[in-house]
Amino acid sequence: MMRTIVKREIKNYLKRPLFWIGVLIVILGIYQNLRPYLMIPYISSEKEFVQDNPETVYDADITDGYVPTKEGDRRNLWEETVQKRLISDFNMEQIEAQNVIKEMRKMNIKDACTYLEKKYHYYNAIYSWEDTAYHRGTKKEINSYIKSNLEHKSFSYYFSRKFADFSGLYMAFFATVMLAFLFWQDTRKNTYELLHTKPVSAEKYILGKIIGGYSVCLIVLAILNLIFWTICCVYTKNSGFEVNLLDFLVATGLYILPNMLMIVCVYGLVSLLFKNPIPAVPILILYMVYSNMGSKNAEGMFGYYGRPFAIMVRFPGRFFDVTPPPMAMLNQSFLLLASIGILLLCMQLWKRRRM
């Protein structure tokens with residue numbers, strides 16, 4: 001009986017035009033976001049990047065021709081900027097400004113900025129420091145930066161995690177919309193009452209519905225993996241970058257599948273509680289907003305660090321900076337345990353309705 005329910009749900013989705021329209025929108029949306037990362041070849045000329053971009057910026061990526069500034073070079077760039085500002089904005093002589101810089105070389109950046117604020121009322125030196133984080137790379141710097149990052153990990157290792165980032169985001173919205181149909185017919189009054197008279201156990205019914213909805217998500221993710229692995233191979237064939245399908249599958253398994261299971265289980269629980277799947281839509285939208293919110297770390301820096309029981313794992317950093325958020329894997333394990341708990345609760349609710 002459970003196998004019959006699973007097959008029925010899969011067939012119902014696959015024959016809906018709305019389902020395939022949704023899949024197409026997901027593919028186009030993910031491609032639009034991933035396309036810049038497909039254009040990261042070794043460069044043969046300085047002219048391949050726009051040369052009138054700022055020399056240094058606060059935040060940029062290799063896709064724009066910027067590379068991280070080394071610590072020593074960064075300090076020199078900052079000191080040059082501060083010295084120019086002291087001369088132009090504070091009417092200092094060049095020798096006096098140079099003496100200020102010499103005095104600050106004994107200090108770290110934080111203390112140096114505090115020194116400038118207290119003694120000269122120069123309040124935005126810290127922003128000048130932040131603006132030196134990335135600089136426009138030369139041909140040698142860009143190629144060296146790419147090569148150093150690809151020495152120990154394949155190109156697809158980085159790309160697949162960016163793929164997991166945007167696929168997880170789009171799939172969460174896709175699942176929130178499409179899974180509303182999973183319990184739609186079964187929670188109609190006449191159908192709902194009739195189902196409770198059938199000799200199907202709560203375990204088989206609930207597992208059949210959840211596995212059916214989850215299988216639909218798996219089918220879409222399988223399509224996405226194959227499409228973007230192929231696209232990645234085509235775009236990088238002339239660069240000699242290593243591209244492995246396994247990287248895509250691992251990233252999907254670790255960072256998307258537990259989230260999809262949680263979404264399906266939430267739909268099941270809400271549908272049984274309210275005898276209607278529609279209330280699950282605003283709940284899941286709020287859940288996604290919560291999962292995608294940034295926060296401050298212990299140092300007070302704002303960024304994406306993940307949230308407990310979040311149904312998204314984001315990699316919002318630069319292409320070669322795809323370290324998972326803190327406790328991401330532990331959180332994914334919690335999602336699996338929570339999904340099992342919700343499944344058991346759904347079964348109990350179904351049994352109580354029968355009684």
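All of the points below concern the structure found in this document. (Residues numbered from 1 in each chain as written. Predicted model: local features only at pLDDT ≥ 70, side-chain atom pairs only at ≥ 80, totals over all residues. Heavy atoms only, no water.)

### Overview of the packing of helix α3 (residues 71–89) against helix α5 (residues 109–120)
In the contact formed by α3 and α5, the axes pass within 13 Å of each other and the chain directions differ by 5°. In terms of their interaxial angle, α3 and α5 are classed as roughly parallel. Contact residues: α3 offers R75, W78 and V82, while α5 offers I109, A112, C113 and L116. Counted by class, the contact of α3 with α5 contains six nonpolar, no polar and one charged residues. (Axes fitted to C-alpha atoms, helices over the stretch in contact; angles between N-to-C directions. Helix = DSSP H or I, 4+ residues; strand = E, 2+ residues; numbered from the N terminus. Parallel < 35°, antiparallel > 145°, perpendicular 65-115°, else oblique. Contact = heavy atoms within 4.5 Å. Nonpolar A, V, L, I, M, F, W, Y, C, P; charged D, E, K, R; others polar.)

### With respect to the pattern of salt bridges
Side chains that differ in sign of charge can pair as their charged atoms come close. Per the counting criterion, the structure on display carries nine salt bridges. Notably, a salt bridge pairs R105 with E79, separated by 3.2 Å at the nearest N-O pair. Taken together, the residues span a long stretch of sequence, with R105 in the loop between α4 (94–104) and α5 and E79 in helix α3 at a distance of 26 residues. By relative accessible area, E79 is classed as buried at 6%. The closest approach of N and O atoms between D165 and R314, which form a salt bridge, is 2.2 Å. In this pair, D165 is assigned in helix α8 (residues 155–178) and R314 in the loop between β5 (302–303) and α14 (328–354), connecting sequence segments 149 residues apart. Assigned by exposure class, D165 and R314 land together as buried. Salt bridges sharing common partners tie together R8, E9 and K209. (Salt bridge = Lys/Arg side-chain N within 4 Å of Asp/Glu carboxyl O. Buried < 20%, exposed > 50% of the residue type's maximum accessible area, 1.4 Å probe, protein only.)

### Quick notes on the side chain of S291
Along the polypeptide, S291 turns up in helix α13 (residues 280–291). Engagement of the side chain of S291 in a polar contact is seen with the backbone nitrogen of I311, the distance being 2.9 Å. (Polar contact = N/O pair within 3.5 Å; in protein donor to acceptor, adjacent residues only side chain to side chain.)

### Description of the sheet that holds strand β1 (residues 56–57)
The sheet built from three strands is open, its strands ordered β1-β3-β2 with antiparallel pairing. This sheet does not close on itself; its edge strands, each paired only once, are β1 and β2 (66–68). Pairing of β2 with strand β3 (residues 134–136), which is carried by three bridges, proceeds in the antiparallel orientation. Paired with P68 across the two strands is Y134, which belongs to β3. Along the sheet, helix α7 (residues 139–149) makes contact with β2 and β3, crossing β2 at roughly 60°. (Pairing = 2+ DSSP bridges.)

### Re unusual backbone geometry
Although it is not a glycine, N91 adopts a positive phi angle of roughly 55°. In this structure, M327 takes a positive phi of about 65° despite not being glycine. Among the structural elements, M327 can be located in the loop between β5 and α14.

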